[in-house]
Amino acid sequence: MSLYYDAATVLSGSTQEDSFKSRIYGNKLELKSKPAHLYALISETAKYNHFLKEVIDNAAFLSHESKLTPILSLLLVHDHLFAKGGIAAPSGHTLRRAVEKHKARLQAEFTKARLRRKCATVQDLKALLLREHPPAQRSQPRWIRVNALKSSLSDQLATTFKGYRTDATISEVARSFGATKVLAMDPNIPDLLALAPDADFTKTNAYTDGKLILQDKASCFPAYLLAGDNDSAPNDCIDGCAAPGNKTSHLAALISGSSTIYACERDGRRSKILQSMIEKSGASNVNVLSAQDFLSIDPQHARYKHVTHLLLDPSCSGSGIVGREDVPKLILPTDPRMQKVTTEKGSKKRKRDQQDRTETEVLDEEVEAEETRDTTTDATRLQKLSTIQAKLVEHAFAFPAATRITYSTCSVHVEENELVVSRLLSSAVARTRGWGVLRRQNQVAGLREWKHRGLVDAGSKLAELGAELLTPQDLDACIRCHPGGDDGTMGFFVCGFVRSTGDISGEDGNHNQADGDAWDGFSD
Ligand SMILES: C[S@@+](CC[C@H](N)C(=O)[O-])C[C@H]1O[C@@H](n2cnc3c(N)ncnc32)[C@H](O)[C@@H]1O
């Protein structure tokens, strides 16, 4: 059974520069268990670490079990005492037997430890333990979007969130625990809810049926800015960088069923994830263009002649992704054998459990993986990203009937944000086709009021890079989210573009990439 050995591997070892998620979702450690299971097991064990250590130390059975290291004993005793199905291994498994042999002692110590804390139930005990040792990183709420294609806010409040207090602020929710029935209704994005950071809805029917979608607040801005107001009335749309598909499905929920959304994704593997995400969301008007490079789509092709709205959310540095979550540091039970634990990975005998992963599980992992921050952001990489990002939006500018575009990143860097806007506004295609920014006063209610706008001090960076400065109105049109603050968002940037002048009949689209940029500061 690889789950416990794999969890021990994640917790052991010396590669402390990796974040918790990258250790689990990356492939450096060659783990075989499902990342979602590993993540849950380790996080839950870490939550009750002090209590588990106390029970194990008092039960004093490690000296009799050569197979059990202190880390393994914490993980296994956690599941033995707290998991619904107990230890996730066959009854004859060595590790399971090593713990269950001592179940009478463990149960006795568990009960004593609970009564010492004057807790009548396990629920009371868990709540008290969380108050005694609050988990270190709990500042981001868990954002959940109610999928209007399959449900409604009122339905969900009456079912999945029945009994929840709904008048909390986002900060209050961010400080609460999953067991507390409290939520905040987002004031900026319709159908968006903030819940406790450790709230887990992935086992609910509403989630498995696609009625609830886990999506950060900031990530809801692009589709809402593009199509949230009645004035913009999209015809067909393109999501040019679509996988895993959160923004595509949000866009589908915002527009009428008679429009087609072309969801384009360059990467073949991610295209499959996109396809299942779209199916799960019930978005019947989305046409997935698998393994399709957006830059290779001919804007003049007859298929796209009714495309009025485009959403561009390209690959970026991910520098806005909130706080690296470190691998939990566990306080270990006393090891009477005084053996130094190095790694739990070595046993060649162990059988790795290779169950097939369901599409939903793969999807959950991908959504998480998209949010895995890359910390190696150097100037050259930023320059390359900035160039590609601008190229993608310029390509979007060339669609003959296009009138509205959003560009977004989960980056905090000026190079990927305000600089890209400056480059785009200076580009030949923007000038000839009449593209400008979507001014704040014309933005949809909710985002118009959002207080964080383009960085006023971006000017010095733009000047340093030889780009044209943005006017105060242009900067005010840009929307930023700052990571780690009271808003509970990750770092994010979005800018809308509208086509106000030039020929929008669809006949003048002779855009040529070689028309080139007026700005030429970076090269690939
Ligand atoms: C930041 S992710 C998009 C996340 C997505 N919008 C969502 O909300 O779920 C960027 C995606 O764009 C894809 N991509 C990057 N360049 C592309 C291109 N030229 N054409 C199509 N897809 C591209 C990447 O493979 C990646 O899946």
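Residues numbered from 1 in each chain as written. Predicted model: local features only at pLDDT ≥ 70, side-chain atom pairs only at ≥ 80, totals over all residues. Heavy atoms only, no water.

J.: Looking at this structure, I do not really get the confidence of the model for the protein. What am I missing?
T.: Low pLDDT means the predicted coordinates in that region are not meant to be read closely. With 83% of its residues at a pLDDT of 70 or more, the protein shows a mean pLDDT of 85. Overall, residues 503-524 carries pLDDT values under 50, and its contacts beyond four positions in sequence, including any with other chains, amount to 48 contacts. (pLDDT = per-residue confidence, 0-100. Contact = heavy atoms within 4.5 Å.)

J.: So what exactly am I meant to see when it comes to the site of the ligand here?
T.: Around the ligand there are 20 residues in total, and Lys247, Glu265, Arg270, Asp293 and Asp313 lie nearest to it. One of the side-chain nitrogen or oxygen atoms of Arg270 is found 2.7 Å away from an oxygen atom of the ligand. At 2.8 Å from a nitrogen atom of the ligand is found a side-chain nitrogen or oxygen belonging to Asp313. Residues of the shell around the ligand, tallied by class, amount to 7 nonpolar, 5 polar and 8 charged. (Near = heavy atom within 4 Å. Polar contact = N/O pair within 3.5 Å; in protein donor to acceptor, adjacent residues only side chain to side chain. Nonpolar A, V, L, I, M, F, W, Y, C, P; charged D, E, K, R; others polar.)

J.: What am I meant to see in the UniProt feature "binding site: S-adenosyl-L-methionine" (unreviewed entry) in the protein here?
T.: Look at the UniProt record and you will see "binding site: S-adenosyl-L-methionine" (unreviewed entry) annotated at Cys241, Ala242, Ala243, Pro244, Gly245, Asn246, Lys247, Glu265 and Asp313. On the basis of their most widely separated C-alpha atoms, the annotated residues across 73 residues gather in one place, lying no more than 12.8 Å apart. Not counting residues up to four positions away in its chain, the partners in contact with Glu265 are Cys241, Ala242, Ala243, Arg270, Ser271, Leu274, Leu289, Ser290, Ala291 and Gln292. Within the structure, Glu265 has its side chain in polar contact with the backbone nitrogen of Ala243 (distance 3.1 Å). Mapped onto the elements, Asp313 comes out in the loop between strand S8 (307-312) and helix H15 (359-370). Excluding its chain neighbours within four sequence positions, the residues that come into contact with Asp313 are Cys241, Lys247, Ser408, Thr409 and Phe492. There is a polar contact of 2.8 Å between the side chain of Asp313 and the side chain of Lys247. (UniProt positions renumbered as here; feature names shortened; annotations may be inferred. Helix = DSSP H or I, 4+ residues; strand = E, 2+ residues; numbered from the N terminus.)

J.: I keep staring at the pairing of strand S6 (residues 261-264) and nothing clicks. Help me out?
T.: Two faces belong to every sheet, and in a regular strand the side chains alternate between them. Covered by surrounding structure in S6 are Ile261 and Ala263 together with Tyr262 and Cys264, the residues of both alternating faces. Handedness of the strand S5 (residues 236-239)-helix H13 (residues 246-254)-S6 crossover: right-handed. Alignment of S6 against strand S7 (residues 286-289), held across 4 bridges, turns out to be parallel. Its bridge partner lying in S7, Tyr262 is registered against Asn287. Handedness of the crossover is the feature at issue here: the chain leaves S6, passes through helix H14 (residues 268-281), returns alongside S7, and the resulting connection is right-handed. (Buried < 20%, exposed > 50% of the residue type's maximum accessible area, 1.4 Å probe, protein only. Right-handed = clockwise from strand over helix to strand, strands pointing away. Pairing = 2+ DSSP bridges.)

J.: What exactly am I supposed to notice about unusual backbone geometry here?
T.: Put simply, Ala243 and Pro244 share a cis peptide bond, and its omega is 5°. Structurally, Pro244 can be placed in the loop between S5 and H13. Here the phi dihedral of Lys118 falls at roughly 60°; this positive angle occurs in a residue that is not glycine. Mapped onto the elements of the fold, Lys118 is located in the loop between helix H7 (103-116) and helix H8 (122-132). Residue class for Lys118 comes out exposed when judged on its relative accessible area of 75%. At Ala291, a residue that is not glycine, the phi angle is positive and equals roughly 50°. Among the secondary structure elements, Ala291 is positioned in the loop between S7 and S8.

J.: I'm lost on the packing of H13 against H14 in this one. Help?
T.: Angle between the axes and distance between the axes are the two parameters that describe a pair of packed helices. One can describe the packing of H13 onto H14 by two numbers: an axis separation of 9 Å at closest approach and a directional angle of 30°. With respect to their mutual orientation, H13 and H14 come out roughly parallel. Of the two elements, H13 crosses H14, and the hand of that crossing is right-handed. Within the contact between the two elements, H13 uses Asn246, Thr248 and Ser249 and H14 uses Leu274, Met277, Ile278 and Ser281. Split by residue class, the contact of H13 with H14 holds 3 nonpolar, 4 polar and no charged. (Axes fitted to C-alpha atoms, helices over the stretch in contact; angles between N-to-C directions. Parallel < 35°, antiparallel > 145°, perpendicular 65-115°, else oblique. Left-handed = near helix turned anticlockwise from the far one by under 90°.)

J.: Is there a simple way to explain the side chain of Asp487 in this structure?
T.: Summarising the element assignment, Asp487 is placed in the loop between strand S11 (479-481) and strand S12 (492-499). A polar side-chain atom of Asp487 sits 3.4 Å from a polar atom in the side chain of Lys451. Other than its neighbours up to four places away in sequence, Asp487 contacts Trp143, Ile170, Trp450, Lys451 and His452.

J.: Just checking my understanding: could you explain the pairing of S5 for this structure?
T.: Neither face of S5 is left uncovered, since the one carrying Asp236 and Ile238 and the one carrying Cys237 and Asp239 both have all their residues buried. Of the strand pairs in this sheet, S5 and S8 are connected by 4 bridges, and their pairing is parallel. Residue pairing for S8: Asp236 is matched across the bridge by Val307. As judged from the 3 bridges shared by S5 and S6, these two strands associate in the parallel manner.

J.: How do you make sense of helix H3 (residues 35-47) when you look at a structure like this?
T.: Along an α-helix, a turn takes 3.6 residues, which lines up residues three or four apart on a common side. Compared with an ideal rise of 1.5 Å per residue, which puts 13 residues at 18 Å, H3 spans 18 Å between its outermost C-alpha atoms and is within 8% of the ideal. Of all the residues in H3, the buried ones are Pro35, Leu38, Leu41, Ile42, Ser43, Thr45 and Lys47. (Expected span 1.5 Å × (residues − 1).)

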